[in-house]
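Chain by chain, the residues run as shown.
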Amino acid sequence: MAFPERFSNLPDYAFPRLRKLLDAHAPGGEPIAMTIGEPRHAMPEFVGPILAANLSGFGVYPPNDGTPELLAAISAWIDRRYGVTVPDDRLMVLNGTREGLFNACIALCPETKGGKRPVVLMPNPFYQVYAVAALAVGAEPVYVPATAATGFLPDYGSLPPEVLDRVALADICSPANPQGAVASADYLADLLALAEKHDFTVLADECYSEIWRKAPPPGLLQVAAAQGADPERVAVFHSLSKRSNLPGLRSGFVAAGPESMKRIRQLRSFAGAPLPLPLQRVAEAAWADEGHVAASRALYQAKFADADRIFAGVQGYKAPDGGFFLWLPVEDGEAAALKLWRETGVRVLPGAYLSRDVGGPNGTDNPGAGYIRVALVATPEETQRGLTMLRDCIYG
Ligand SMILES: Cc1ncc(COP(=O)(O)O)c(C=O)c1O
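Residues numbered from 1 in each chain as written. Predicted model: local features only at pLDDT ≥ 70, side-chain atom pairs only at ≥ 80, totals over all residues. Heavy atoms only, no water.

(A) Focus on the pairing of strand β7 (residues 234–239). Counting buried residues in β7 gives six out of six residues, a clear majority hidden from the surface. Where burial is concerned, the two faces of β7 agree: the one with V234, V236 and H238 and the one with A235, F237 and S239 are both buried. Bridging between strand β6 (residues 201–205) and β7 involves four bridges; their strand directions are parallel. Along β7, the bridge assignment pairs D205 with F237. Tracing the backbone out of β6, into helix α8 (residues 220–227) and back to the parallel element β7 gives a crossover that is right-handed. (Buried < 20%, exposed > 50% of the residue type's maximum accessible area, 1.4 Å probe, protein only. Helix = DSSP H or I, 4+ residues; strand = E, 2+ residues; numbered from the N terminus. Pairing = 2+ DSSP bridges. Right-handed = clockwise from strand over helix to strand, strands pointing away.)

(B) The arrangement of the sheet that holds strand β12 (residues 371–375) in detail. Strand order in the open sheet formed by three strands is β9-β12-β11, with antiparallel pairing between adjacent strands. The outermost strands of the open sheet, each flanked by one partner alone, are β9 (325–329) and β11 (349–350). Two strands pair when backbone bridges link them, and β9 and β12 are joined in this way by five bridges, in the antiparallel orientation. Each bridged residue has a counterpart across the sheet, and for F325 the counterpart in β12 is A375. Where helix α14 (residues 380–395) meets the sheet, it contacts β9 and β12, and its direction lies at approximately 10° from that of β9. (Contact = heavy atoms within 4.5 Å. Axes fitted to C-alpha atoms, helices over the stretch in contact; angles between N-to-C directions.)

Structure (C-alpha cells):
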C-alpha cells in the first residue's frame, strides 16, 4: 500500500519525543510540568452559564463562518485593541489558530510561483504547524534563524532575492513562541514592504498578543492599515486559547483580505469543521470581556518578575517581552532537560524539539539546540519553586 512521502521527513512531535527522552528515568522530586503551552489560569466564570443556556445549539449544524454576533464581537475587539475596522466579511471563526494556519496555507498557497516551487518562510525555531502546512501543499519550507543575533525574530529581508521571489507565504509569530520576542511596528512595516516587493502574503500568528509585560504588542492589522497596505498581503490569526485560558474551547479567528477570505471560506465550506454553536456563544462573551484577560496577564507579569529575579546574573538570560515561555540558554538542551528531570522532577522542553537542523558546517546547525523552553503556566508558587530548582540545577 502506498502512502504519501511528503511527511516522511517530519520528526516526531515534540511531546512524544520528550516522553522518549525522560520517561525511562525516575524524576528527582515531585514532578513539575513546565513543558506544554497549556494555560492553567482560571477560565472566565461566564463559560459554564453561557454553555448551559445554549445547550440546544448542539442540536443544529453551526454556521461555518461564525454567527453574526460572534463576528461582531470579534470585529469590535479588533477595533478596541488595534483601532482598525475589519468588516465581518473579512473575518472567519476558527477552531483555534492551529487549524486556521494549516488550512490558510492550503487555501492561499499557489501550486507554483513564477513557474517554480513556491516557498513558505518560517522562523526557526517555530510552532510546528507552519512546516507541516507548507509540506501539505508541496511548498518548500524555508527555516530562517530567529536567534539572539537577529533579536529572536527572523530576518526575512536578508534572504537572497531568488528565494524571496519564490515566497508565497511567510509565517511570523509575535509574541514569539518560544522566544517571547515581540515584533515592533517597524519590523512589521518592513515585512509588509518586503511582501509587497516580492508579492507574498504574511500569515501573522498573534495568539499570544494579550500576554505582554510592558505594553501591548503591535499587530499586523494595525500596521497594515497605517501603511495603507494591500489587504491581501495580510492574514492575521488570533485565539482564545491563551488570551482567555480556554485552550479546550478551540476558538479563534482569522482576518484577511477579501480575496484571501473568499478562498479560505470556500475551503472551509467544503472541508471545515465549524465551531459548535454553544461554543460560539461562549467565544462571543470572551471577546467582549477584558476583565478576565487583564487578571490573567497580571499573573503572568508577576511570574515574569519572579523569573527576572531568579535568573538575575545568568549569562544569556533575556526577559521575554510577551507570551508565557522562558527560552533559556544552556549548553545542550536535551542534556539539560534530562538532568533537570532526574535531579529535581522539573520537566522542560529541549529547544531543538521546536527547531530544525538547517545544514551548517557539520550538518548540525540547529538554532534551538542550546536552549530549553520553560512554560510559566502553573500557579505563581509552583512556578517559583520550579524555576528556583531549575536555576540551582542548571546554572548553580
Ligand atoms: C505559536 C502558536 N501558534 C498557535 C498555537 C495554537 O493555538 P490554538 O490552536 O489553541 O489557538 C499555539 C499553541 O500552543 C502556539 O504556541
